[in-house]
Amino acid sequence: NTRALLEKQEDIDSSAVAYPNDIPIAFEEGKGATVRDADGNTYIDMFAGIGVLNVGHSNPYVLEAVHEQADKFVHTVDFPTEARLELIEKLDEIAPAGMQGNNRVVFGGPTGSDAVEASIKLAKYNTGGDGLIAFRGAYHGATTGAMSVTGNKKFKGHYTPLLSDVVHAPYPYPFRQDKSPQEAVDHALEELKAIVEDPYGGLANPAGIIVEPIQGEGGIVTPPKGFLQGVRDIADENDIVLIFDEIQSGLGRTGEWWACDWEGVTPDVMTSAKALGGVGFPLSATMYKEELDTWGSGDHAGTYRGHVVAMRAGTRAIEYIQEHELLAHARELGEYIQGRLQEAADETDRLGQIRGKGLFIGAEFVDSDGKPDGDLVDDIQQYCFEHGVLVWTAGRHGNILRCIPPLVLTHDLAETALDVIVDGIEHAVD
Ligand code: PMP
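The residue numbers shown here count from 1 along each chain, following its written sequence. Two thresholds apply to this predicted model, a pLDDT of at least 70 for residue-level local features and 80 or more for giving and counting side-chain atom pairs, whereas whole-chain, interface and lining totals are computed over all residues. The side-chain numbers reported here are obtained from all heavy atoms of the structure, hydrogens and water having been left aside.

(A) How the structure looks around the site of the ligand. Around the ligand sit Thr 111, Gly 112, Ser 113, Tyr 139, His 140, Gly 141, Glu 212, Glu 217, Asp 245, Ile 247, Gln 248 and Lys 274, and that is every residue in its neighbourhood. We call two N or O atoms a polar contact when they sit within 3.5 Å, provided that within protein one can donate a hydrogen and the other can accept it, with sequence-adjacent residues counted only if both atoms are side-chain atoms. One of the backbone nitrogen or oxygen atoms of Tyr 139 is found 3.3 Å away from a nitrogen atom of the ligand. Contact distances for the ligand include 3.1 Å between a nitrogen atom and a side-chain N or O atom of Lys 274. Considering the ligand on its own, with 390 Å² of exposed area, one finds that the protein chains cover 85% of that surface. Each residue gets one label: Ala, Val, Leu, Ile, Met, Phe, Trp, Tyr, Cys and Pro are nonpolar, Asp, Glu, Lys and Arg are charged, and the others, such as Gly, are polar. Each residue belonging to the shell around the ligand can be placed in one class, and the counts come to two nonpolar, six polar and four charged. Here a residue counts as near a molecule or strand whenever at least one of its heavy atoms sits within 4 Å of it. Using a 1.4 Å probe, the Shrake-Rupley method yields the accessible areas, and only the shown protein chains count as cover for residues.

(B) Representation of the packing of helix H4 (residues 82–94) against helix H10 (residues 308–323). Where H4 meets H10, the closest approach of the two axes is 8 Å, and the angle between their N-to-C directions is 35 degrees. H4 and H10 meet at a crossing whose hand is left-handed. Touching Glu 82, Ala 83, Arg 84, Glu 86, Leu 87, Lys 90, Leu 91, Glu 93 and Ile 94 of H4 are Val 308, Met 311, Arg 312, Gly 314, Thr 315, Ile 318, Glu 319 and Gln 322, all from H10. Among the residues making up the contact of H4 with H10, the classes are represented as seven nonpolar, three polar and seven charged. Every axis corresponds to a line fitted to the C-alpha atoms, with the helix fit spanning only the stretch in contact, and the corresponding angles, defined between N-to-C directions, vary from 0 to 180 degrees. Each helix corresponds to a stretch of at least 4 residues labelled H or I by DSSP, and each strand to a stretch of at least 2 residues labelled E; elements are numbered beginning at the N terminus. By definition, any crossing whose near helix is turned counterclockwise from its far helix by less than a right angle is left-handed, and any crossing with a clockwise turn is right-handed. In what follows, a contact means two residues having at least one pair of non-hydrogen atoms within 4.5 Å.

(C) Inspection of the nonpolar core at higher detail. What makes a nonpolar core is a set of buried Ala, Val, Leu, Ile, Met, Phe, Trp, Tyr and Cys residues whose side-chain atoms join them at distances within 4.5 Å. Exposed residues in this analysis have more than 50% of their type's maximum accessible area, buried residues have under 20%, and partly exposed residues fall in between, with area computed by a 1.4 Å probe over protein chains only. Membership of the largest hydrophobic core comes to 108 residues, with the highest contact counts inside it found for Met 46, Phe 227 and Ile 421. The contacts of Met 46, once residues within four sequence positions are left out, are Ile 337, Val 389, Leu 390, Val 391, Arg 402, Cys 403, Ile 404, Pro 405, Leu 409, Ala 417, Leu 418 and Ile 421. Ala 118, Leu 122, Ala 134 and Ala 146 belong to the second largest nonpolar core, which has 21 residues in total.

(D) The sheet that holds strand S7 (residues 206–211), seen in detail. Overall, mixed pairing links the seven strands, which are arranged S4-S10-S9-S8-S7-S5-S6 in an open sheet. Whereas interior strands pair on both sides, the edge strands pair on one side only; in this sheet they are strand S4 (103–108) and strand S6 (166–169). Taken pair by pair, the neighbouring strands of this sheet meet at an average axis angle of 20 degrees, ignoring direction. Pairing analysis gives four bridges linking S7 to strand S8 (residues 241–245), with the strands arranged parallel. Bridge pairing links Val 211 to Phe 244 in S8. Across the sheet, helix H5 (residues 112–127) lies against S4, strand S5 (131–135), S7, S8, strand S9 (269–272) and strand S10 (284–289), angled at about 25 degrees from S10, the strand it touches most. In the packing of helix H9 (residues 227–237) onto the sheet, contacts are made with S5, S7, S8 and S10, and the angle to S8 comes to roughly 150 degrees. Strand pairing follows a simple DSSP-based rule, namely that at least 2 bridges must link the two strands.

(E) Quick peek at the packing of aromatic side chains. Between the rings of Phe, Tyr and Trp (Trp by its six-membered ring), a pair exists once the centres lie within 6.5 Å; its type follows the angle of the planes, with under 30 degrees stacked, over 60 edge-to-face, and the other angles tilted. For the structure on display, the rule yields eight aromatic pairs. When the ring of Tyr 43 is compared with that of Phe 385, the centres are 5.4 Å apart and the planes differ by 0 degrees; the resulting orientation is stacked. Taken together, the positions of Tyr 43 in strand S3 (residues 42–45) and Phe 385 in helix H12 (residues 374–386) put the pair 342 residues apart, joining distant regions of the chain. Judged by relative accessible area, which is 6%, Tyr 43 ranks as buried. Seen from their ring centres, Phe 135 and Phe 227 are 5.6 Å apart, and the 85 degrees between their planes marks the pair as edge-to-face. One end of the pair, Phe 135, is in strand S5; the other, Phe 227, is in helix H9, with 92 residues separating them in the sequence. Using a relative accessible area of 0% as the deciding quantity, one classes Phe 135 as buried. Here the aromatic residues Phe 135, Tyr 171 and Phe 227 are joined through ring pairs into a cluster of three or more. Criterion for a charge above a ring: Arg CZ or Lys NZ at most 6 Å from the ring centre, at most 35 degrees from the ring normal. Taking the ring centre of Tyr 61 as reference, the NZ or CZ of Arg 316 above it sits at 3.7 Å.

(F) Layout of the layout of surface pockets. There is about 430 Å³ of room inside the second largest pocket. Secondary-structure elements contributing two or more residues to the lining of the second largest pocket are H4 and S4. Partitioning the lining of the second largest pocket into residue classes produces eight nonpolar, six polar and six charged. Using only the protein atoms, space was sampled on a 1 Å grid; points where a 1.4 Å probe fits but cannot get out form cavities, open sets with protein on both sides within 12 Å along at least five of seven lines form pockets, and lining residues are those with an atom within 4 Å of a point. Grid points are joined across faces, edges and corners, and a volume is the space filled by probe spheres set on the points.

(G) Structural context of H5. Each residue after the first adds 1.5 Å to the expected span of a helix. Relative to the 22 Å expected for 16 residues at 1.5 Å per residue, H5 spans 23 Å between its end C-alpha atoms, a close match to the ideal helical length. For H5, the set of buried residues is Gly 112, Ser 113, Asp 114, Ala 115, Val 116, Glu 117, Ala 118, Ser 119, Ile 120, Leu 122 and Ala 123. Once H5 finishes, Gly 128 follows within two positions and takes phi at roughly 75 degrees, a positive value.

(H) Molecular detail of the side chain of Asn 399. Mapped onto the secondary structure, Asn 399 falls in the loop between strand S14 (392–394) and strand S15 (400–403). With residues up to four places along the chain from it excluded, the contact list for Asn 399 reads Arg 176, Ala 363, Glu 364, Phe 365, Pro 372, Asp 373, Gly 374, Val 377 and Ala 394.

(I) View of empty space enclosed by the protein. One pass over the structure, following the stated rule, counts one cavity of 30 Å³ or more. In this structure, the largest cavity spans a volume of roughly 50 Å³. Along the walls of the largest cavity sit Asn 54, Val 55, Leu 251, Ala 275, Leu 276, Gly 278, Gly 314, Ala 317, Ile 318 and Ile 321, which together make up its complete lining. Among the residues forming the lining of the largest cavity, the class breakdown is seven nonpolar, three polar and no charged.

(J) The pairing of S4, seen in detail. Most of S4 sits out of view: five of its six residues are buried. As defined by bridge partners, S4 adjoins S10 across six bridges and the pair is classed as antiparallel. By the bridge assignment for S10, Gly 108 is matched with Ser 284.

(K) Geometry of unusual backbone geometry. Of the consecutive residues Thr 160 and Pro 161, the connecting peptide bond is found in the cis state with omega at 0 degrees. The backbone of Ile 50 shows a phi angle near 60 degrees, a positive value even though the residue is not glycine. Relative to the assigned elements, Ile 50 resides in helix H2 (residues 48–51). The phi dihedral of Ser 58 falls on the positive side, at around 45 degrees, and the residue is not glycine.

If you want it as C-alpha cells, here you go:
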C-alpha cells in the first residue's frame, strides 16, 4: 500500500515535496508518539511532524474542542471570538517573564514564515529602520522576508534580489568553530557589535535583530549561556527591536515554555507556529510587547490571521501541557535521551557532540577527519526507519541526527527508540 501511494505521489505531486526520497513512509494513523503506516507497521515518532505534535498525534483532549468548535463555526476574520480571546490570554500567561501582562499577539496564517514576516514588518514600522541582522545557519522560512534573514544559501540562492540591508552575524557554534564556549560567545557578540555600531562595515539603520534561541534546522545549535543576554544588551544600547524566533524551539519543546526562558532573556517580539495549532492545525503568531502595538486597524491584514479551530486546538494543547506537567517530563526525558546518546558517543569518535535542551536534541556526526558526515546520518536514519523509529536530520550538511519527539513520549517508548538509535549508530559506524 505504501509503495502504491508513493508511486502515485511521484506521478501527480510536486517535485518539491521534501521527504519521500529520504524515508518511504505513508501515514495511515497517529496516536500519541506513534504512527502507523499504510501497511500496518507501527513506528515510534521522534520527529513529530518537525516539532509540531508536542501533545501527540490526534490528542483526544485537543480534538474534543476541535469538534465542538467545528460544529459551531469554522471561519471568521478578526472578529472577537471566545477561541481567539482565550488563546491571547493563554499566550500572555505563558509568555517569557518580561512579556507577561503586556503581551500583544498578531495571529498569522498557516506557516511560521508568515509570523516571521510580521515580526520584520513590526520592527521596521516601529523603528523606521530598514536593516535587519540575522545569524549564519539560521532558518526562518520560505517567504521573501523570511528567506532574506535565513542564513543558509541553499534555501534562497535562486531568488535574489531578496531584502537588501540584511547582514548575517556568526552564531556561536563552539564545536564547529573549534572555540571554547566563552570564546564562541565573545566572537559572535564582537561581530554583532561591529555590524550594529560601524556604519561603514555594517548597517546604516538597523530595525531588528532576529535570532533563534537554539537553531533548529541549523543543527540544534545551542548557544552557550551569555549569548542571548549579550544580544539583548546590544539591541537595547542601540534601540533595535529584538526578535526571537521560537517557531521550532517554543511551546514546551525545550522543557521550558520558550527556549529563551532557560536564560531568562525576554525579546521585544517573538514568533510562534508549529505546535501552536495544537495537533497540527495551521496557525502562527507574532507576540510582542505592548509598547510596539502601534499598527493602525487593518495595517497588517489577512484572511486567515487566526483560524478559529486552530486557536481552540492551541489553547487546549497548552492546557494539556500544563495539566500533565509535560515541561518537567520533557526535561527528564531529554536528560535520559542525551545520556543514552552520550554512552554511544563514548564508544566512537564519529559522534562528535550531543546538544540541546529538553526534547530538542541534536547529535552531530563527523567523519574520521572530524568533518561533517551527512552520509553516516542518512545510514542511521535508514536503519532506524527499518527498525520502527522515525528520526530526522538537521544542519547544513545533514550531519546532525535530530530527536524532537512529542512531549508525551513515554519513558518506555523512549527506551525502545534509543535501543534502536544506538544500534543504528553502532551499525553505521562499523
Ligand atoms: N523559523 C524556524 C525556527 C523554523 O524552524 C521554521 C520551520 N522549520 C520556520 C521559521 C518556518 O516555518 P514554516 O515552515 O511553518 O513556514
